[in-house]
Amino acid sequence: MISPRFASTIKPSSKPSNFCPGCGHSIILKNLGQIISDLKIEKKTVFPIDIGCSLLAWDFFDVDTFQTHHGRTTAAAVGQKRARPDAIILAYMGDGGGYAIGLQNLVHACYRNENITVILVNNTMFSMTGGQMAPTSLPHEVTSSSPDGAFTQDKPFYGPEMLAREAHDGAYIARAAVSNPGQMKAYMQKAIQNQIDGKGFSFVEVLSYCPTNWKTNAEQTIRFLEKMKETFPVGEIKNPSLSSRAHSTSSG
Ligand SMILES: Cc1ncc(C[n+]2csc(CCOP(=O)(O)OP(=O)(O)O)c2C)c(N)n1
Ligand code: SF4
Ligand SMILES: [Mg+2]
């Protein structure tokens, strides 16, 4: 049964979920859908999605969407915003798409303060293709391509922190986790509001569950995410309305 709070905005759907049971993408997308509804931006929203498990979201929302080659979502999102400055562009991608093959596009979009919002789902691996090591794999994490443990050593890729070092004053950058949906939703909403206000680039990395490739049961899945949070601190890394580049971490 739908909670009365959402009954007016979310219509029951007979569409089955495309994601595996327990996948974090579903939690992120549910909250993103509620934000689009709350802000009443359905008609203006464009939702570019990457190749990876994020592509399974292609028909979830009643908004314009398009799909790009793996890693090219940020570049295509920038082009769309430049062609349609009034549109609200919500680019959605995985950690492999954003931090490996598509990193150059992400860095330059941030560097130029392009007025788009990027939501990047970090599940520490290339999930759609079978759980290979990604730049975000935890130190010594066993993946299908690193059976002896990931060789990210003690320093996996810290995307939000790296982007914040070069970001313009107007940029909004944060890291959230699906284990705290309230905080995650608040960060994603602030990021989108940043774009609506025309302040420039906004970015939220979300630490997310992939029980299928982690090969974890429910309890182990929750514990694995807690371990991710010890490595990747959750919090606002850059908020234009607070002091510039202040890192306000909080438990997520
Ligand atoms: C140019 C190109 N290279 C590689 C692939 C194969 N490929 C498809 S999805 C994917 C990994 C996706 O991982 P990530 O971006 O982290 O998303 P996730 O599935 O983990 O959500 C790869 C390597 C591709 N489709 N196109
Ligand atoms: S493989 Fe992982 S990220 Fe992809 S749908 Fe399944 S649980 Fe989600
Ligand atoms: Mg991934």
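Residues numbered from 1 in each chain as written. Chains lettered and ligands numbered in written order. Predicted model: local features only at pLDDT ≥ 70, side-chain atom pairs only at ≥ 80, totals over all residues. Heavy atoms only, no water.

Q: Explain the overall build of the protein chain to me, and be specific about the residues and the numbers.
A: Each helix and strand in the protein chain was counted, giving 9 helices and 10 strands. For 252 residues, the compact-globule estimate of 2.2 N^0.38 gives 18 Å, and the protein chain sits close to it at 17 Å. Looking at the 252 residues of the protein chain, the share that counts as buried comes to 52%. A separation of at least 24 residues holds for 66% of the contacts in the protein chain among residues at least 6 apart in sequence. Accessible surface, the protein chain as shown: approximately 11,500 Å² in total, 56% of it carbon and sulfur. Between the averaged position of the 24 positive side-chain charges in the protein chain and that of its 21 negative side-chain charges there is a distance of 5 Å. (Helix = DSSP H or I, 4+ residues; strand = E, 2+ residues; numbered from the N terminus. Rg over C-alpha atoms; globule rule 2.2 N^0.38 Å. Buried < 20%, exposed > 50% of the residue type's maximum accessible area, 1.4 Å probe, protein only. Contact = heavy atoms within 4.5 Å. Areas by Shrake-Rupley, 256 points an atom, 1.4 Å probe, with all protein chains shown as cover. Lys, Arg positive; Asp, Glu negative; His and termini not counted. Charge placed at Lys NZ, Arg CZ, Asp CG, Glu CD.)

Q: Pulling in residues and values, what's your account of the pattern of salt bridges?
A: All told, the structure shown has 8 salt bridges when counted by the stated rule. Its salt-bridge partner being Lys 229, residue Glu 226 comes within 3.2 Å of it at the nearest N-O pair. Taken as a pair, Glu 226 and Lys 229 lie in helix H9 (residues 218-231) at a separation of 3 residues, close to a single helical turn. Take Glu 226: its relative accessible area is 34%, and that puts it in the partly exposed class. What emerges from the salt-bridge pattern is a single network uniting Arg 82, Arg 112 and Glu 114. (Salt bridge = Lys/Arg side-chain N within 4 Å of Asp/Glu carboxyl O.)

Q: Provide a residue-level description of helix H5 (residues 103-111), including the pertinent values.
A: Every buried residue of H5 is accounted for by Asn 105, Leu 106, Ala 109 and Cys 110. Angularly, the buried residues of H5 cover 130 degrees about the axis, an arc narrow enough to put them on a single face. At its buried positions, H5 is contacted by helix H3 (73-83), helix H4 (95-101), strand E4 (117-122), helix H6 (159-166) and strand E8 (202-207). One or two steps after H5, the chain reaches Asn 113, where phi turns positive at roughly 55 degrees. (Arc of directions from axis to C-beta.)

Q: Just give me the short version of the site of ligand 2, but keep the residues and values in it.
A: What surrounds ligand 2 is the set Phe 19, Cys 20, Cys 23, His 25, Cys 53, Asn 123, Ser 127, Cys 210, Pro 211, Thr 212 and Asn 213. Of all the elements, helix H8 (residues 211-214) adds the most residues to the shell around ligand 2, at 3 residues. When its residues are assigned to classes, the shell around ligand 2 shows 6 nonpolar, 5 polar and no charged. (Near = heavy atom within 4 Å. Nonpolar A, V, L, I, M, F, W, Y, C, P; charged D, E, K, R; others polar.)

Q: So what's going on with the coordination of the magnesium ion (ligand 3)? Which residues, and what values?
A: With distances of 2.0 to 2.2 Å, the protein atoms coordinating the magnesium ion (ligand 3) are Asp 95 (OD), Asn 123 (OD1) and Met 125 (O). Site description for the magnesium ion (ligand 3): donor spacing in sequence, D-x27-N-x1-M. In this pair, Asp 95 sits in helix H4 while Met 125 sits in strand E5 (residues 125-126), placing the two residues 30 residues apart along the sequence. (Donors = N, O, S within 2.8 Å, 3.2 Å for Na, K, Ca; no water.)

Q: Outline the layout of surface pockets, supporting the account with residue identities and numerical values.
A: The calculated volume of the second largest pocket comes to roughly 220 Å³. Gly 52, His 70, Phe 126, Ser 127 and Met 128 are, among the 17 residues lining the second largest pocket, the residues nearest its centre. Elements represented by at least two residues in the lining of the second largest pocket include exactly H4 and E5. Top contributing element to the lining of the second largest pocket by residue count: H4, with 3 residues. Class assignment for the residues of the lining of the second largest pocket results in 6 nonpolar, 10 polar and 1 charged. (1 Å grid on protein atoms, 1.4 Å probe; cavity = no way out; pocket = protein on both sides within 12 Å on 5 of 7 lines; lining within 4 Å. Points joined across faces, edges and corners; volume = space filled by probe spheres on them.)

Q: Give a description of H9 that names residues and reports values.
A: A rise of 1.5 Å per residue sets the reference length of H9, with its 14 residues, at 20 Å; its end C-alpha atoms lie 21 Å apart and thus fit the reference within 8%. When we look at burial in H9, the residues that qualify are Thr 221, Phe 224, Leu 225, Met 228, Lys 229 and Thr 231. For H9, the angular spread of buried residues about the axis comes to 155 degrees, placing them on one side. Exposed residues pointing more than 90 degrees away from the buried face of H9 are listed as Glu 219, Arg 223 and Glu 230. (Expected span 1.5 Å × (residues − 1).)

Q: Just give me the short version of the packing of aromatic side chains, but keep the residues and values in it.
A: Summed over the entire model, instances satisfying the criterion amount to 8 aromatic pairs. Ring centres of Tyr 99 and Phe 203 lie 6.4 Å apart, and the angle between their planes is 40 degrees; this geometry places the pair in the tilted category. Of the two residues, Tyr 99 sits in helix H4 while Phe 203 sits in strand E8, which places them 104 residues apart along the sequence. Overall, the relative accessible area of 3% leaves Tyr 99 in the buried class. Taking relative accessible area as the criterion, Phe 203 reaches 0% and is therefore assigned buried. Note on Trp 214 and Phe 224: the rings are 4.2 Å apart at their centroids and 35 degrees apart in plane angle, and the pair reads as tilted. In this pair, Trp 214 sits in helix H8 while Phe 224 sits in helix H9, placing the two residues 10 residues apart along the sequence. With respect to class, Trp 214 is no different from Phe 224; both count as buried. Members of the aromatic cluster, each reached through a chain of ring pairs, are Tyr 99, Phe 157, Phe 201 and Phe 203. (Phe/Tyr/Trp six-rings, centres within 6.5 Å; stacked < 30°, edge-to-face > 60°.)

These results come straight from atomic positions and should not be treated as a statement about function.
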